[in-house]
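Summary of the model geometry
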Amino acid sequence: GAVVSQHPSRVICKSGTSVKIECRSLDFQATTMFWYRQFPKKSLMLMATSNEGSKATYEQGVEKDKFLINHASLTLSTLTVTSAHPEDSSFYICSARDGGRTNSPLHFGNGTRLTVT
Amino acid sequence: QKEVEQNSGPLSVPEGAIASLNCTYSDRGSQSFFWYRQYSGKSPELIMFIYSNGDKEDGRFTAQLNKASQYVSLLIRDSQPSDSATYLCAVSKGGSQGNLIFGKGTKLSVKP
């Protein structure tokens, strides 16, 4: 089945540094990928929709200059958390849908646990 | 009112019993409904989706949708300890799963 690979699975960084998270669709092309954030015991919150070859669409309240999204190819989207702070510590998850199949399900990456110290 | 509401639980059932998970949503324009299972520290995985009123069965899982009542449920028959996880209800206005609104999830514990 379709697989979405997310890397790294876990990262610890110091406050003020930037962290890049990669999301790859391994056996299908994804014109659209989605980035979610999940705080402990909270629901998944959609942060932004990443569109290949164009600007990402951010949800209300998500700072686009802080969470930089690049979707340069049909199989790769990246999320960069710039100048990270402890409150950015969270579980970040990407998902993608096979653009070549009608009504194909969303496939989730395994998530990235970000800890900012 | 929150867009997608679920009882956070925990819901505890004995092994072999039926687990019933419930979800209500506020947007009457919602068209697609999904149930995901999420193990601790892991990403969600799709269990079932339903678009039409009524029941949809897949193995031990049955999704039930009542659009008039804005209610969707998931039944798990013959519950197993491996079913212990958090179950997320998600709702979309369109047929795609792109813009999903997730509930907070119900934690299910199946006791051997």
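These numbers come from a predicted model, not from an experiment.

Notes on the environment of Ser40(B)
Residues and elements named next belong to chain B. For Ser-40, the position within the fold is in the loop between strand S4 (32–38) and strand S5 (45–50). On the accessibility criterion, Ser-40 (76% relative accessible area) is exposed. A sequence separation of 67 residues divides Ser-40 from Lys-107, and the C-alpha atoms of the two residues are 10.0 Å apart.

Comments concerning the state of the cysteines
According to the stated counting rule, one finds 2 disulfides over all chains in the structure shown. Sulfur-sulfur distance for the disulfide between Cys23(A) and Cys94(A) comes to 2.0 Å. Between Cys23(A) and Cys94(A) the sulfur-sulfur dihedral comes to about 80°; the bridge is accordingly right-handed. Here Cys23(A) is found in strand S3 (residues 19–25), whereas its partner Cys94(A) is found in strand S9 (residues 90–97), with 71 residues between them in sequence. As far as burial versus exposure is concerned, Cys23(A) and Cys94(A) are alike and both buried. Across a sulfur-sulfur distance of 2.0 Å, Cys23(B) and Cys89(B) are joined as a disulfide pair. Here Cys23(B) and Cys89(B) share a disulfide; its torsion about the S-S bond, -70°, makes the bridge left-handed. Separated by 66 residues along the polypeptide, Cys23(B) in strand S3 (residues 19–25) and Cys89(B) in strand S9 (residues 85–92) bring together distant segments of the chain. The same class applies to Cys23(B) as to Cys89(B), namely buried. Between Cys13(A), a free cysteine, and Cys94(A), which holds the nearest cysteine sulfur, the sulfur-to-sulfur gap is 18 Å.

Describing unusual backbone geometry
The residue after His7(A), namely Pro8(A), is reached through a cis peptide bond having omega 0°. Its place among the elements puts Pro8(A) in the loop between strand S1 (4–7) and strand S2 (10–13). At the junction of Gly9(B) and Pro10(B), the peptide bond is cis and its omega measures out at 10° in the coordinates. Even without being a glycine, Gln70(B) presents a positive backbone phi close to 55°. Here Gln70(B) is to be found in the loop between strand S7 (61–66) and strand S8 (71–76).

Here's the deal with the packing of aromatic side chains
For any pair of aromatic rings, the description consists of the separation of the ring centres together with the inter-plane angle of the planes. The final tally for this structure, using the stated rule, is 10 aromatic pairs over all chains. Between Phe67(A) and Tyr92(A), the ring centres sit 6.4 Å apart and the planes meet at 40°, which makes this aromatic pair tilted. Residue Phe67(A) is located in strand S7 (residues 67–73), and its partner Tyr92(A) is located in strand S9; the two are separated by 25 residues in the primary sequence. Residue classification places Tyr92(A) among the buried positions, given a relative accessible area of 0%. Measuring from ring centre to ring centre gives 6.4 Å for Phe108(A) and Phe102(B), while their planes differ by 70°; the resulting arrangement is edge-to-face. On the criterion of chain membership, the pair formed by Phe108(A) in strand S10 (residues 106–108) and Phe102(B) in strand S10 (residues 101–102) is interchain, its members lying in two chains. With relative accessibility at 11%, the residue Phe108(A) sits in the buried group. The class of Phe102(B) is buried, set by a relative accessible area of 6%. Of the aromatic side chains, those joined through ring pairs into one cluster are Tyr36(A), Phe108(A), Tyr36(B) and Phe102(B).

A closer look at the side chain of Gln38(B)
Checked against the element boundaries, Gln38(B) lands in strand S4. You can call Gln38(B) buried: its relative accessible area is 8%. Within the structure, Gln38(B) has its side chain in polar contact with the side chain of Gln38(A) (distance 2.8 Å).

Focus on the interface of chain A and chain B
On the side of chain B, 17 residues touch chain A, which itself brings 20 residues to the contact. Here chain A meets chain B over a buried area of about 1300 Å², counting both sides, of which 54% is carbon and sulfur. The interface formed by chain A and chain B holds 0 salt bridges in total. Linking chain A to chain B there are 4 residue pairs in polar contact (both at pLDDT 80 or more). Elements with a contribution of two residues or more to the side of chain A that touches chain B: strand S4 (32–38), strand S5 (45–51), S9 and S10 of chain A. Looking at the side of chain A that touches chain B residue by residue, the classes come out as 9 nonpolar, 8 polar and 3 charged.

Conventions and cut-offs
- Residues numbered from 1 in each chain as written.
- Chains lettered and ligands numbered in written order.
- Predicted model: local features only at pLDDT ≥ 70, side-chain atom pairs only at ≥ 80, totals over all residues.
- Heavy atoms only, no water.
- Helix = DSSP H or I, 4+ residues; strand = E, 2+ residues; numbered from the N terminus.
- Buried < 20%, exposed > 50% of the residue type's maximum accessible area, 1.4 Å probe, protein only.
- Disulfide = S-S within 2.5 Å.
- Phe/Tyr/Trp six-rings, centres within 6.5 Å; stacked < 30°, edge-to-face > 60°.
- Polar contact = N/O pair within 3.5 Å; in protein donor to acceptor, adjacent residues only side chain to side chain.
- Contact = heavy atoms within 4.5 Å.
- Buried area = accessible area lost by both parts, 1.4 Å probe.
- Salt bridge = Lys/Arg side-chain N within 4 Å of Asp/Glu carboxyl O.
- Nonpolar A, V, L, I, M, F, W, Y, C, P; charged D, E, K, R; others polar.

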